[in-house]
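# A look at the structure
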Amino acid sequence: MAEVIQGTRAFNPSTRAGIKFSDEALKTIEALMKRYPEGKHKSALLPVLHVAQAESDGWLSPEVMDYVAELMKLQSIEVYEVASFYSMYNLKPVGKCVLEVCRTSSCWTRGAEDVIDYIGKKLNIREGETSPDGMFTLKTVECLGACGGAPMLQCGAEYHENLTEAKIDSLIERYRSEGRRKSYTDLDYQNTK
Amino acid sequence: MGRKLLLTHDHVEGIQGYTAYRANGGYRSVEKALKKMTPDEVVEEVKKSGLRGRGGAGFPTGMKWSFLAKPDGVPRYLVCNADESEPGTFKDRYLMERIPHILIEGMITSSYALGANTSYIYIRGEYFYVARILENAIAEAYANGWLGKNILGTGYNLDLYVQVGGGAYICGEETALLESLEGKRGNPRIKPPFPAVAGLYGCPTVVNNVETIAAVVPIVNDGGDEYAKIGIGRSTGTKLISASGNINKPGVYEIELGVPVEEFIFSDEYCGGIANGKRMKACVPGGSSVPILPDYLVCKTAAGEDRLMTYESLSDGGFVSGSMLGSGGFIVYDEHQCIVRNTWNFSRFYHHESCGQCSPCREGTGWMERVLHRLEKGEGNMSDIDLLVDVAKKIEGNTICPLGDAAAWPVAAAIRHFRHEFEYHVLHPDKIKDPKHGHREPIMPVKPEPVTA
Ligand SMILES: Cc1cc2nc3c(=O)[nH]c(=O)nc-3n(C[C@H](O)[C@H](O)[C@H](O)COP(=O)(O)O)c2cc1C
Ligand code: SF4
């Protein structure tokens, strides 16, 4: 459910000056806004927020949301209230790779809790925490529609199903060696079944 | 082997791409509909097919389509519901990932039938990579003249877009979905007005599930009568079932409606029986929102008849001894699974996903979650069990959207059929101390003695 957003833009509009999205992102946002009838470009807000999050270290600060509001000619509150409603928008900083482990029935039945414990011990973090090197955040989420491949986790655009300890080890190793941020909007995803 | 209509070419190399899809008869329904049929004739075939909504409610699709208001000069919209978030359901993802073009084809044929010139596929944000697959398929369809202006020279125009959500189960509810598609929070709207009259941007709108739209393809190709020959009674055609839990072969299966539940669970063609040689304890046949059934009511109805995979047979016995086909999210639990813990798991889900608009749902789901958690940890008492029943009753029917009911039913059903297991948690807190792996000793449901006159 909704999280409280701290800080308001009115206090320090100048912080926004530092925010700039890449040309590619701006082009994507412009194209997204054109997909709706005249005057209905607010419809693009959810997809635009995904682009904004990928451009902003994986989370939406009030300043970033203000910037989105400006880009889309919306009131800031319209952006805040949407960002705080949906679970995929992070309103606090997160690690480069957010490991989102499904905890709902079918996954739970097939060992989701062992997965959460194992990752937690391996990275020495608890649910909701980020590893000190800023690489991983451990998060639990509700059903991701992969019950047939339970237990599973999502990281960025990637789905990893039928998890075992060995599989988790190699996944974490791969992410460490790649060392880059995983976003939902990534085009080069590698799912594992 | 049952007949397949949607996953016929599932195994074909390259079926994800346009060339293979087209070579295997793809886009024939668009040719047939646009060139040889009027929109009303397409609607007529869908009516004849008896197709019922595959998103969960099972409402007849042809009837829904004929309710669409058609005021002059106002655009109409078709919106595909690809939000798929009901725990236990993953069939739409499978279909969109494996055969994306069948959804695109169904969207074109259906949009034509409804007179829509702009259509949207609203897909849950977590399925971002599936949205990419659909976007590629849409680009291929444009490139080959199936989308855009003057399709096949018929003068019909259609633009199709994929919209990703932000992560919220409630956006699967059709009016919440429309709110979300308008760039707002996913708060369900009060009905009426129904989307058929005032939907997206206040215009007449049809919202249909992915599988429903895909089923329009074989219906138009082969005719509604042919489709209606498959199945039993008012359960016509084929259905995708997402099978998961403690079974040997989890996965998505296309079944002819009418397959016996016993065959579905135990035959090698489908689930392949219970994993690790265990016994089945319970089954949730239609996604987390439908009542759970104890083992003795899964394969047989209370009257002792074979239970079939149809809308009617699964709900035989109503809420006393039946359940529902729902979205086809079929979850099986083995003898070691803990029903109290599973019910708590579902409650936590609904509490997390409540949009918070109605007090009975917002407060009630949280209350049930807390009480269930207490019971599950062995810290509850006997009166908590009746308290749960009471809270569930107070939510049911008192909310804007059916999420409230969906949260209440599983709790009520679990207590109805597994009360002794709830009591066990109160009486033997020591034995459930490490509940992570379910029960060490199986606790099986107790079949009530038949009442004799
Ligand atoms: C809480 C809730 C969640 C729902 N989630 C979905 C969903 O994920 N996918 C879906 O197709 N229908 C879902 N529905 C049903 C839709 O409201 C709607 O009935 C359906 O999209 C209509 O399509 P159909 O007639 O083709 O089934 C949900 C309903 C409720 C109340
Ligand atoms: S029943 Fe629950 S989810 Fe539905 S509108 Fe009310 S509060 Fe929101």
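Not measured: the values here are computed from a predicted model.

Parameters at a glance
- Residues numbered from 1 in each chain as written.
- Chains lettered and ligands numbered in written order.
- Predicted model: local features only at pLDDT ≥ 70, side-chain atom pairs only at ≥ 80, totals over all residues.
- Heavy atoms only, no water.
- Helix = DSSP H or I, 4+ residues; strand = E, 2+ residues; numbered from the N terminus.
- Rg over C-alpha atoms; globule rule 2.2 N^0.38 Å.
- Buried < 20%, exposed > 50% of the residue type's maximum accessible area, 1.4 Å probe, protein only.
- Contact = heavy atoms within 4.5 Å.
- Areas by Shrake-Rupley, 256 points an atom, 1.4 Å probe, with all protein chains shown as cover.
- Lys, Arg positive; Asp, Glu negative; His and termini not counted.
- Charge placed at Lys NZ, Arg CZ, Asp CG, Glu CD.
- Near = heavy atom within 4 Å.
- Nonpolar A, V, L, I, M, F, W, Y, C, P; charged D, E, K, R; others polar.
- Domains from an automatic or database assignment.
- Buried area = accessible area lost by both parts, 1.4 Å probe.
- Salt bridge = Lys/Arg side-chain N within 4 Å of Asp/Glu carboxyl O.
- Polar contact = N/O pair within 3.5 Å; in protein donor to acceptor, adjacent residues only side chain to side chain.
- Pairing = 2+ DSSP bridges.
- Axes fitted to C-alpha atoms, helices over the stretch in contact; angles between N-to-C directions.
- Disulfide = S-S within 2.5 Å.
- Parallel < 35°, antiparallel > 145°, perpendicular 65-115°, else oblique.
- Left-handed = near helix turned anticlockwise from the far one by under 90°.

Below, the discussion takes up the overall build of chain B. Looking only at helices and strands, chain B has 17 helices and twelve strands in total. Expected size for 453 residues packed as a compact globule is a radius of gyration near 22 Å; at 23 Å, chain B falls within 12% of this value. Burial analysis of chain B (453 residues in total) assigns 62% to the buried set. Sequence separation of at least 24 residues holds for 70% of the intrachain contacts in chain B that already meet a minimum separation of 6. Total accessible area on chain B stands at roughly 16,200 Å², and carbon and sulfur atoms take up 53% of it. Side-chain charges of chain B comprise 48 positive and 55 negative groups, with the mean position of each set lying 2 Å from the other.

Glancing now at the pairing of strand β1 (residues 97–102) of chain A. Most of β1(A) sits inside the fold, with six of its six residues counted as buried. Burial along β1(A) is two-sided: Cys97(A), Leu99(A) and Val101(A) and Val98(A), Glu100(A) and Cys102(A), pointing in opposite directions, are all buried.

Attention shifts here to the site of ligand 2. Lining the immediate environment of ligand 2, one finds 13 residues, of which Cys355(B), Cys358(B), Cys361(B), Thr399(B) and Cys401(B) sit closest. When its residues are assigned to classes, the shell around ligand 2 shows eight nonpolar, five polar and no charged.

Right, let's get into the domain arrangement of chain B. All names here are of chain B. Looking at the assigned domains, one finds that chain B contains domain 1 (18–229), domain 2 (232–334) and domain 3 (339–440). Facing 17 residues of domain 2, the contacting portion of domain 3 comprises 14 residues. Around 1,300 Å² of area is buried between domain 2 and domain 3 when both sides are counted, 65% of it from carbon and sulfur atoms. The largest per-residue losses of area from domain 2 upon contact with domain 3 belong to Ser288, Ile292 and Phe319, which jointly make up 40% of the total buried on that side. At the junction of domain 2 with domain 3, the criterion picks out one salt bridge. Here Lys281 and Glu421 are joined by a salt bridge, their closest N and O atoms 2.8 Å apart. The tally of links between domain 2 and domain 3 comes to five residue pairs in polar contact (both at pLDDT 80 or more). Secondary-structure elements contributing two or more residues to the side of domain 2 that touches domain 3 are β10 (280–284), β11 (293–294), α13 (318–321) and β12 (329–334).

The next subject is the interface of chain A and chain B. How large an interface is tends to be reported as the accessible area lost when its parts come together. If you look at the interface, chain A gives 48 residues, while chain B gives 65 residues. Carbon and sulfur atoms make up 53% of the area that chain A and chain B hide from each other, which totals about 4,600 Å². The salt bridge involving Glu135(B) is made with Arg35(A); its shortest N-O contact spans 4.0 Å. Linking chain A to chain B there are 29 residue pairs in polar contact (both at pLDDT 80 or more). Every element with two or more residues in the side of chain A that touches chain B is listed here: α2 (45–55), α4 (76–83), α5 (105–109) and α6 (112–123) of chain A.

This part is about the site of ligand 1. Residues and elements named next belong to chain B. Lining the immediate surroundings of ligand 1 are 18 residues, of which Gly55, Asn81, Asn208, Asn209 and Thr212 lie closest. Considered on its own, ligand 1 offers 610 Å² of accessible surface; in the complex 89% of this is hidden by protein. With three residues, strand β5 (residues 205–209) is the single largest residue contributor to the shell around ligand 1. Tallied by class, the residues present in the shell around ligand 1 amount to four nonpolar, eight polar and six charged.

With that settled, consider the sheet that holds β5(B). Residues and elements named next belong to chain B. Taken in spatial order, the five strands of this open sheet run β3-β4-β2-β1-β5, and their pairing is mixed. The open sheet has two free edges, formed respectively by β3 (148–151) and β5, since each of these has just one partner strand. Between one strand and the next, the sheet's axes are offset by a mean angle of 25 degrees, whatever the strand orientation. Strand contacts of helix α7 (residues 128–143): β2 (118–123), β3 and β4 (156–164), with the helix running at about 165 degrees to β4, the strand carrying the most contacts.

What follows is about the domain arrangement of chain A. For chain A, the assigned domains read domain 1 (4–83) and domain 2 (97–178). The centre of domain 1 of chain A, based on its C-alpha atoms, is set 29 Å off from the matching centre of domain 2 of chain A.

To continue, consider the environment of His336(B). Residues and elements named next belong to chain B. You can see His336 is positioned in the loop between β12 and α14 (339–353). By relative accessible area, which is 18% here, His336 ends up buried. On a C-alpha basis, the gap between His336 and Lys393 in space is 29 Å, while along the polypeptide they are 57 residues apart.

The next thing to look at is the pairing of strand β1 (residues 77–82) of chain B. Residue and element names in this part refer to chain B. Of all six residues that make up β1, six are buried, and the element is covered over most of its length. Neither face of β1 is open: one carries Tyr77, Val79 and Asn81, the other Leu78, Cys80 and Ala82, and all of them are buried. Examined bridge by bridge, β1 and β2 share six bridges and lie parallel to one another. If you follow Cys80 over to β2, its bridge partner there is Ile121. Alignment of β1 against β5, held across five bridges, turns out to be parallel. From the neighbouring strand, Val79 faces β5, where its bridge partner is Val207.

What follows deals with the pattern of salt bridges. Any two side chains of opposite charge can pair if their charged atoms end up close together. Inspection of the entire model under this criterion finds 44 salt bridges over all chains. Residues Lys122(A) and Asp169(A) are paired through a salt bridge, measuring 3.0 Å at the closest nitrogen-oxygen approach. Highlighted residues: Lys122(A) in helix α6 and Asp169(A) in helix α7 (residues 165–178), separated in sequence by 47 residues. In the salt-bridge network here, residues are joined through shared partners; they are Arg54(B), Lys91(B), Asp92(B), Glu211(B) and Lys239(B).

Attention now moves to the state of the cysteines. All names here are of chain B. Inspection of every chain in the model, using the stated rule, returns zero disulfides over all chains. Looking at the unpaired Cys271, the closest cysteine sulfur is the one in Cys283, lying at 8.5 Å. When its relative accessible area of 0% is taken as the criterion, Cys271 is described as buried.

Residue and element names in this part refer to chain B. In contact at an axis separation of 9 Å, α14 and helix α17 (residues 403–427) are set at 160 degrees when each is read in the N-to-C sense. Relative to α17, the element α14 is oriented roughly antiparallel. In the crossing of α14 with α17, the sense of the turn from one axis to the other is left-handed. Residues Ile339, Val340, Thr343, Ser347, Tyr350 and Glu353 of α14 form the contact with α17, whose own contacting residues are Leu403, Ala406, Ala407, Pro410, Val411, Ala414, Phe418, Glu421, Phe422 and His425.

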